[in-house]
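# Fold and geometry: a report
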Amino acid sequence: MLLIEDKLGWGNAEQWHSDVFIELSETIQKETQVLLSPVTLKRVWGKVNYKSAPSISTLNTLTQFAGYSNWRDFKNKEDVKPPSWFEKKITPNLGVIVLSASIMTIVFISLYSLTGSETNTKEIDVSKIEFSSKPLVDGLPNSVVFDFDLNDIKSDSIYIQQFWDPTKIITLTENQDQATGQYYYPGYYRAKLIVDGVILKEHDLFIKSDGWLGTLDYEPIPKYIKDERLSQDKLVFSRSVFEEIVSNSKPLLSSFHYVNDIPKISADNFSLQSSIISKYHDKWAVCQKTSIVIVGTKSAIIIPFSIPGCTSELNGMVSEISLSGKTSDLSALGVDFSEERQIKITSIDKVLKVYVDDLEVFSKTYTSSIGNIVGLRYRFVGLSEVRNVRLLDAFYRDRSIE
């Protein structure tokens, strides 16, 4: 744990709050491709009382994140590991104290892992595990009931990841056989039953928008704006919605959603064209943050935009690739929407390109298929209008999304 804290540089773990463990879960997943829930991490760091030991899968993932092959490699090498830069620079006495604390931590976890219960997911008979779900209503908002049979699995880390966002989880207990999830937005969700960071079962969950749907994204519950005049040619909020956004004292997101049965079109070979103009970009909306989301059956594409001076704050994704203005130069996605701009997003054989007014500004190659397109989403901090949305397949045939 001390090695991980040293690697992260986030300060003493004694001061970490819940949001830090959520961020740690995301960071570990990006590097190891294994998801450890924030609850599991809190248990490991002693923030939550729990009698059982961390599973070997959890220990393997943590040590991999710390720079070792696995937990066994960590235990074998730690005794001969050369001093770290930290140990070299601090005073000798403090170095002894820190080193002693590290050894005590290692011994504690070693004994804990040997004496406590652990789950080896390789020994689980997945065929005997059941996992299904059913929405309770048509439309939004929607509660979904998850039914499952864990077949006597013993673990301290069992949960349902409701969709691709690793922070949206439902923590389960060993004897539980039912849980519910709440969905406020339309989408194509791939629910996953995960034990010790390993996906055992998953299935698709399709919650449709029934045509174009507008939302004001209040937390935790959005305001739905179902306007029959919304169409792919004109996505515009009414004057009353505009006034509601302007009068809000805090940042407020507005969105247009279309999630429905779209004639089969691959998210790895398509073209999406539309024009966007910002209608409110004052006060807290000065950055004109805008996101275009292509919802796939396997993953998603999220292309973020803002005025050039705010691109450091951008976050998006292209299938398995995360986009962050904090770690990468996303200045090419700096666009001023004060005047109408033509935006085109294409993907040909998993090479994604973004065009602004017919000029290519951004390109990214990815490897994991996004599946078929089942939805589009336009989201703004503030308010914008979208016109002439055209979704074309690889043969440039227009797919109706009225």
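So, a few notes on the structure that sits alongside this text. Counting restarts for each chain: residues are numbered from 1 in the order of the written sequence. It should be noted that, the model being predicted, local features are given only for residues of pLDDT at least 70 and side-chain atom pairs only at 80 or more, the latter also being counted only at that level, while totals for whole chains, interfaces and linings use all residues. Side-chain calculation: all heavy atoms of the structure are included, whereas hydrogens and water are not.

### A look at a negative patch on the surface
A cluster of like negative charges, contributed by Glu 130, Asp 149, Asp 152 and Asp 177, occupies part of the molecular surface. Note on placement: Glu 130 falls in strand β1 (residues 130-135). Patch building starts from residues that exceed 30% relative accessible area and form no salt bridge, then joins like charges within 9 Å and nonpolar side chains (Val, Leu, Ile, Met, Phe, Trp, Tyr) within 5 Å. The Shrake-Rupley method, run with a 1.4 Å probe, gives the accessible areas here. Residue values count only the displayed protein chains as cover. Note on definitions: salt bridges are taken to be side-chain nitrogens of Lys or Arg within 4 Å of carboxyl oxygens of Asp or Glu. Lys and Arg are tallied as positive, Asp and Glu as negative. Neither His nor the chain termini are counted. In this description, the location of a charge corresponds to atom NZ of lysine, CZ of arginine, CG of aspartate or CD of glutamate. Numbering of helices and strands starts at the N terminus; helices are DSSP runs of H or I of at least 4 residues and strands are runs of E of at least 2.

### Examining the pairing of strand β13 (residues 290-296)
In terms of residue burial, β13 counts as a mostly covered element, since seven of its seven residues are buried. Any residue under 20% of the maximum accessible area for its type is buried, any over 50% is exposed, and the rest in between are partly exposed; the area is computed with a 1.4 Å probe on protein chains only. The alternating pattern of β13 places Thr 290, Ile 292, Ile 294 and Gly 296 and Ser 291, Val 293 and Val 295 on opposite faces, both of which are buried. As paired elements, β13 and strand β14 (residues 300-305) share six bridges and run antiparallel to each other. Bridge pairing in β14 links Ile 294 to Ile 301. Whether two strands pair comes down to DSSP finding at least two bridges between them. Between the antiparallel neighbours β13 and β14 lie three residues. In this structure, β13 lies alongside strand β20 (residues 373-381), joined through seven bridges in antiparallel fashion. Of the residues in β20, the one forming a bridge with Val 295 is Gly 375.

### Concerning the sheet that holds strand β7 (residues 198-207)
Taken in spatial order, the four strands line up as β4-β3-β6-β7 in an open sheet, and their pairing is antiparallel. Each of the sheet's edge strands pairs with one partner strand only, and the pair in question is β4 (169-172) and β7. Along the sheet, successive strands turn relative to each other by an average axial angle of 20°, direction set aside. Judged from the four bridges that link them, strand β3 (residues 158-161) and β4 form a sheet pairing that is antiparallel. Residue pairing across strands places Gln 161 opposite Ile 169, the latter belonging to β4. Every axis corresponds to a line fitted to the C-alpha atoms, with the helix fit spanning only the stretch in contact, and the corresponding angles, defined between N-to-C directions, vary from 0 to 180 degrees.

### Notes on the sheet that holds strand β11 (residues 253-259)
The strand order across the open sheet formed by eight strands is β9-β8-β11-β20-β13-β14-β15-β16, and the pairing between neighbours is antiparallel. Whereas interior strands pair on both sides, the edge strands pair on one side only; in this sheet they are β9 (223-225) and β16 (321-324). Averaged over neighbouring strand pairs, the angle between their axes works out to 20° when direction is ignored. In terms of strand pairing, strand β15 (residues 315-318) meets β16 through four bridges, oriented antiparallel.

### Brief notes about the side chain of Ser 275
With respect to the helices, strands and loops of the structure, Ser 275 is situated in strand β12 (residues 269-280). Overall, the relative accessible area of 2% leaves Ser 275 in the buried class. In protein, a polar contact means a hydrogen-donor-capable atom and an acceptor-capable atom, both N or O and within 3.5 Å, with residues adjacent in sequence counting only if both atoms are side-chain atoms; elsewhere, any N or O pair within 3.5 Å suffices. In terms of polar contacts, Ser 275 uses its side chain to reach the side chain of Glu 340, at 3.4 Å.

### What to know about the side chain of Arg 377
By secondary structure assignment, the location of Arg 377 is in strand β20. In this structure Arg 377 is buried but unpaired, with Asp 217 as the nearest side chain of opposite charge at 7.8 Å. Among the polar contacts listed, one links the side chain of Arg 377 to the side chain of His 257, at a separation of 2.7 Å.

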